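So the chains spell out like this:
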Amino acid sequence: DYVAYLEPRTGEFKRFPLDSGAGPHNLIVDKNGFVWYAGNRAAHIGKLDPKTGAITKYPMPDPAARDPHTLVFDSKGDIWFTMQGANRVGKLSVASGTVRLVPVPTPNARPYGIWIDSKDRPWVVLFGTNKLATVDPATMAIREITLPRAETRPRRLVVTSDDKIWYGDYAAGFLGRYDPG
């Protein structure tokens, strides 16, 4: 239950303790140097100021939304995230602190990896299925895309500069590509 960094030049390891049970899963750093982490076991997204050690928590607005998982910034600096166990995709509007959640239509889809395309649309792999999903940022409507192999289990993805979606198939060790165009 901590966030830390290693200073490569000096070998210094700086550790910032989090509340017991926070369960940080991933972290991202904004342009101002704040560290944002997914409080995966404590139903919040945290913002750490590495200059002071102060932490601001953004709690999930629904008790069922218990596990923020993977975070990514959009071009406005807002944070989109997945919730594997809660089966949701969320957005934290950083300026207001507002959290919006979108349920994934397929039960037990397990939203996992997430990436943002050039139009600021989040793309998500649904690890418990053979599907990808995307969310319309204006309406928060979610759309699922079924991949051709029923056995596929996408876990992580990236979106290239031409907006092609590349994903790793955890079940078979394949690399897949989806062209939304």
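The notes below deal with the structure included here. (Residues numbered from 1 in each chain as written. Predicted model: local features only at pLDDT ≥ 70, side-chain atom pairs only at ≥ 80, totals over all residues. Heavy atoms only, no water.)

## Observations regarding the overall build of the chain
Filter applied, for reference: Each helix is a run of DSSP H or I of at least 4 residues and each strand a run of E of at least 2, with the numbering of both proceeding from the N terminus. Computation of the radius of gyration draws on C-alpha atoms, with the globule rule given as 2.2 Å multiplied by the number of residues to the power 0.38. Using a 1.4 Å probe on the protein chains alone, a residue whose accessible area is under 20% of its type maximum counts as buried, one over 50% counts as exposed, and one in between counts as partly exposed. The contact criterion used is simple: two residues touch if any of their non-hydrogen atoms lie within 4.5 Å.
Tallying secondary structure elements over the chain gives zero helices and 17 strands in all. Rg of the C-alpha trace for the chain: 17 Å, near the compact-globule value of 16 Å for 181 residues, within the 12% margin. Here the C-alpha coordinates of the chain stretch approximately 50 × 40 × 30 Å along the principal axes. Every one of the 181 residues in the chain was classed for burial, and the buried ones make up 47%. At a minimum sequence separation of 6, the contacts of the chain that also span at least 24 residues come to 32%.

## So, the pattern of salt bridges
Stated formally: Counted as salt bridges are all cases of a side-chain nitrogen of Lys or Arg within 4 Å of a carboxyl oxygen of Asp or Glu.
Tallied over the entire structure, the rule returns 12 salt bridges. For the salt bridge of Asp 19 with Lys 57, the shortest nitrogen-to-oxygen distance reads 2.1 Å. Within this pair, whereas Asp 19 is found in the loop between β2 (12-17) and β3 (24-29), its partner Lys 57 is found in strand β6 (residues 55-59), the two being separated by 38 residues in sequence. In this structure Asp 19 comes out as partly exposed when scored by relative accessible area, which is 46%.

## Some details on the layout of surface pockets
Quick reminder of the rule: Here a cavity denotes grid points, spaced 1 Å and computed from the protein atoms alone, that fit a 1.4 Å probe unable to get out, and a pocket denotes an open set having protein on both sides within 12 Å along at least 5 of 7 lines; residues with an atom within 4 Å of a point are the lining. Grid points are joined across faces, edges and corners, and a volume is the space filled by probe spheres set on the points. For this classification, the nonpolar set comprises Ala, Val, Leu, Ile, Met, Phe, Trp, Tyr, Cys and Pro, the charged set comprises Asp, Glu, Lys and Arg, and every other residue, Gly included, is treated as polar.
Approximately 190 Å³ is the volume attributed to the largest pocket. For the largest pocket, the full set of lining residues is Asp 30, Lys 31, Asn 32, Phe 34, Trp 36, Lys 47, Phe 73, Ser 75, Lys 76, Gly 77, Asp 78 and Val 94. In terms of residue class, the lining of the largest pocket is made up of four nonpolar, three polar and five charged.

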